[in-house]
Amino acid sequence: MSKYIVSVIDTTGIQPYIFGSNRLRENIGASYLVAKATNYWVKQVLRQMFGDNVYIPDGNQQEKTIENDTLNAELVYTGGGNAVLLFKDINCAIRFTKILSEKVLREAPGLKIVVAHSEPFEWGNQLSKTVDSVIKKLEQKKREYNPSVPLLGLGVTANCLSTGLVAVDISDRYSVPTSYPVSREIVEKLRAVDPKQGEPANKQLRETIFADLELGDYQVAYDVDDLGRTEGRSSYMAIVHADGNGMGDRFKEYGNQSQSDREYIMRMRDLSEKVNQAGVKALKVVANKVLQLAQGKLSEQFAITERDGKKYIPFRPIVYGGDDVTFVCDGRLGLTLAALYLKAFEAETANIPDGKKLTACAGIAIVKTHYPFARAYQLSEALCRKAKNFVFDEKKRLRRSDFSALDWHIAASGLLGSISDIRKREYQVPEGNLTMRPVYLHSESDWRNWTNFSQVVREFNTHPNWVGRRNKVVALREQLRQGSDKTKQFLQVYGLHKDYLPRFSAAQTDDLHQNGWTDDPRTNERICAYFDAIEAMEFHVPLEEKNHENLPSKN
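Residues numbered from 1 in each chain as written. Predicted model: local features only at pLDDT ≥ 70, side-chain atom pairs only at ≥ 80, totals over all residues. Heavy atoms only, no water.

(A) Representation of the overall build of the protein chain in the model. A count of helices and strands for the protein chain gives 16 helices and 23 strands. When each of the 555 residues of the protein chain is scored for burial, the buried share is 54%. Only carbon and sulfur atoms are counted for the fraction: they give 45% of the accessible area of the protein chain, which is about 24800 Å². (Helix = DSSP H or I, 4+ residues; strand = E, 2+ residues; numbered from the N terminus. Buried < 20%, exposed > 50% of the residue type's maximum accessible area, 1.4 Å probe, protein only. Areas by Shrake-Rupley, 256 points an atom, 1.4 Å probe, with all protein chains shown as cover.)

Structural data, given as structure tokens:
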């Protein structure tokens, strides 16, 4: 029986590589290069090495199998920033690794890939176990990775403003409005968005996310100022990071159900393709909604950027494909677009081959437009982890994969410390916790869900008791800080004791809408239900047409 080699390719330090810069153009270019290295270049090198004696499942070749067609290699699947391949022997695997590594070094300097190979295994029903063992080996290599120390140059050399490495060029040669010294790493990232180079990153985005959508007069943004910054006013951007729940274990479980190695390959390809399609389709839903808003009633209320006769939509995906997604948008759109993405991602569940519900968690960092981008992304990633911890099942000691959740933070100024430190410092008062975040996307049994929260924000923005009475809302926020007794007294003094506060459905007590506070069974502490809604009033653009008349003004 024939023996084969499994090779797994992954990247390390991907977040610093993509989001280590505070310039959106460079983030976009870096994300494009990562996708190229773990997908397109893998296929390119395979074809270059083996010609027709390799099978790549991309629809451009008659289907072949390594066990029946004596191929040199077969691509099992690519997705989520990694790739799994089969080779007929270790020599083919090592040669491929060398050529791919050199290509990455030359065309994506600064990007680090890690490759692990299996021992030769016999074809039969061992592929799933072999892949699992190689992934463990790969993770160990990533932990043991010893980064090289680059030569930082001599005293007469200029430093790149983004990386600190030796500058080899000037940014304005790549259609960047400002001029600053750049290293080889940044040069390649800027090439990916340079119109003179065909702006391949934007071309790929248009062909993937904006395909079949009518852009009209609008362009895809590649600068934070294109997201709606208004001269003379302070503007906000939102960075949204979403990640699927339990996808690693899900792939492993689905693959382990295979009865043969060939069935394992087909299962992995099918699941990887369907998850990738779900992420892309969900982002298409978001992109289409933003286009409708920009071209419809919101066009006058949004600060749509116009530059050189071009208009830019206030939304830009950075990382996409698979269940790991990051996009940036106008700060007022961050919350509602994140919720829309999660709903659209869940809606693709019917086509997933393992028959399980698709869910994800999202973190939304809303910061001033020119706040350091790298730090804002780190905040969104930390918020996404908090949302994942929120759906943790204490009894089973595992994260539940049947709920989506989201968490957010609105930073009116700078950020000092971790999100846990910030909340302890800014949201902890004598009565308890001012914030109810994170929230479930859907939940019939827990009042802390997006539908409830969104409805409460709308009522604060539209109900006669509150609309146009900003001073009263600010006063309510301060009373909530003082606790439940002060809040109830405040509502009675202002004659609001008949309506009280907007109601949360599924709340366990009537006291909640009367004094704003309730007990949290998870932590056995008191939590405030309305402080978050008041804070989010100016950062919550309802996506329904009927609510457009009551939009908060642009900050």
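From this point, the narrative continues.
(B) Representation of the packing of helix α2 (residues 24–50) against helix α5 (residues 184–191) within the structure. Running from N to C, α2 and α5 cross one another at 85°; their axes reach a closest spacing of 7 Å. Taken together, the axis directions place α2 and α5 in an arrangement best described as roughly perpendicular. Of α5, the residues touching α2 (which contributes Arg25, Glu26, Gly29, Ala30 and Leu33) are Ile186, Glu188, Lys189 and Leu190. Within the contact of α2 with α5, the residues separate by chemical class into four nonpolar, one polar and four charged. (Axes fitted to C-alpha atoms, helices over the stretch in contact; angles between N-to-C directions. Parallel < 35°, antiparallel > 145°, perpendicular 65-115°, else oblique. Contact = heavy atoms within 4.5 Å. Nonpolar A, V, L, I, M, F, W, Y, C, P; charged D, E, K, R; others polar.)

(C) Representation of the sheet that holds strand β14 (residues 325–330). Pairing in this open sheet of six strands is mixed, and the strands run β13-β14-β10-β15-β18-β21 from one edge to the other. Two strands in the sheet have a free side with no partner beyond their single neighbour: β13 (315–319) and β21 (439–440). The pairing of strand β10 (residues 236–244) with strand β15 (residues 360–368) spans nine bridges and is antiparallel. Looking at the pairing, tyrosine 236 lines up with lysine 368 of β15. Packing against the sheet, helix α8 (residues 261–295) makes contact with β13 and β14, and its axis sits at approximately 160° to β13. (Pairing = 2+ DSSP bridges.)

(D) Representation of the packing of helix α4 (residues 127–144) against α8 within the structure. Close contact between α4 and α8 brings their axes to 8 Å; oriented N to C, the two are set at 60°. Viewed along their axes, α4 and α8 adopt a mutual orientation that is oblique. Along its contact with α4, which presents Leu127, Ser128 and Val131, the element α8 presents Asp261, Tyr264 and Ile265. Considering only residue class, the contact of α4 with α8 consists of four nonpolar, one polar and one charged.

(E) The environment of asparagine 202, seen in detail. Turning to its location among the elements, asparagine 202 is positioned in helix α6 (residues 200–208). Take asparagine 202: its relative accessible area is 2%, and that puts it in the buried class. Here the alpha-carbon distance between asparagine 202 and glutamine 219, two residues 17 residues apart in the chain, equals 9.7 Å. Not counting residues up to four positions away in its chain, the partners in contact with asparagine 202 are Ala192, Val220, Tyr222 and Arg316.

(F) Focus on the side chain of glutamate 348. Following the sequence through the fold, glutamate 348 ends up in the loop between α9 (334–347) and β15. One buried charged residue, glutamate 348, remains without a salt bridge, the closest side chain of opposite sign being lysine 281 at 4.1 Å. Setting aside its immediate chain neighbours within four residues, glutamate 348 contacts Ala278, Lys281 and Leu358. (Lys, Arg positive; Asp, Glu negative; His and termini not counted. Salt bridge = Lys/Arg side-chain N within 4 Å of Asp/Glu carboxyl O.)

(G) Representation of the pattern of salt bridges within the structure. Per the counting criterion, the structure on display carries 26 salt bridges. Across the salt bridge formed by arginine 47 and aspartate 58, the nearest N and O atoms sit 2.4 Å from each other. You can see arginine 47 sitting in helix α2 and its partner aspartate 58 sitting in the loop between β2 (54–55) and β3 (73–79), a full 11 residues away along the chain. Taking the shortest distance from any N to any O, the salt bridge between glutamate 263 and arginine 267 comes out at 3.0 Å. Residue glutamate 263 and its partner arginine 267 are located together in helix α8, separated by four residues, close to a single helical turn. For arginine 267, a relative accessible area of 17% translates into the label buried. Through salt bridges with shared partners, a single network forms among Glu67, Glu74, Arg262 and Arg269.

(H) Highlighting the environment of arginine 423. Counting through the fold element by element, arginine 423 comes out in helix α11 (residues 419–426). What makes arginine 423 buried here is its relative accessible area of 9%. With 12 residues separating them in the primary sequence, arginine 423 and threonine 435 have C-alpha atoms 8.1 Å apart. Contact partners of arginine 423, with chain neighbours within four places excluded, come to Leu383, Lys386, Asp407, Trp408, Gln428, Thr435 and Arg437.

(I) Local environment of the packing of aromatic side chains. Overall, the coordinates contain 19 aromatic pairs when judged by the stated rule. Relative to phenylalanine 251, the ring of tyrosine 77 lies with its centre 6.4 Å away and its plane at 25°, an arrangement referred to as stacked. Within this pair, whereas tyrosine 77 is found in strand β3, its partner phenylalanine 251 is found in helix α7 (residues 247–256), the two being separated by 174 residues in sequence. The pair formed by tyrosine 77 and phenylalanine 251 is uniform in burial state, with each residue classed as buried. (Phe/Tyr/Trp six-rings, centres within 6.5 Å; stacked < 30°, edge-to-face > 60°.)

(J) Expanded view of α9. With 14 residues, α9 extends 20 Å from end C-alpha to end C-alpha; this agrees with the ideal 20 Å at 1.5 Å per step. Summarising burial for α9: 12 of the 14 residues are buried, a large majority. Those residues of α9 that fall on the buried side of the exposure criterion are Gly334, Leu335, Thr336, Leu337, Ala338, Ala339, Leu340, Tyr341, Leu342, Ala344, Phe345 and Glu346. (Expected span 1.5 Å × (residues − 1).)

(K) Examining the nonpolar core more closely. The biggest cluster of nonpolar side chains holds 107 residues, and the ones touching the most others in it are Phe210, Phe315, Leu337, Tyr341 and Phe460. Among the elements that make up this core, the one with the highest residue count is α8 (15 residues). Discounting chain neighbours no more than four positions away, the residues touching phenylalanine 460 are Trp466, Val467, Leu476, Leu501, Pro502, Tyr530, Ala533, Ile534 and Met537. Counting residues in each nonpolar core, the second largest holds 61 residues, with Leu75, Val104, Leu111 and Val367 among its members. (Core = buried A, V, L, I, M, F, W, Y, C linked by side-chain atoms within 4.5 Å.)

(L) Spotlight on helix α3 (residues 90–107). Look at α3: 26 Å from first C-alpha to last across 18 residues, which is about the 26 Å you get at 1.5 Å a residue. For α3, the set of buried residues is Cys92, Ala93, Phe96, Thr97, Leu100, Lys103 and Val104. The arc that holds every buried residue of α3, seen down its axis, measures 135°, which confines them to one face. Opposite the buried face of α3, by more than 90 degrees, sit the exposed residues Asn91, Lys98, Leu105 and Arg106. Elements that come into contact with the buried residues of α3 comprise β1 (3–12), α2, β4 (82–87) and β5 (112–117). Its side-chain oxygen 3.1 Å from the backbone nitrogen of asparagine 91, aspartate 89 forms the N-cap of α3. (Arc of directions from axis to C-beta. Polar contact = N/O pair within 3.5 Å; in protein donor to acceptor, adjacent residues only side chain to side chain.)

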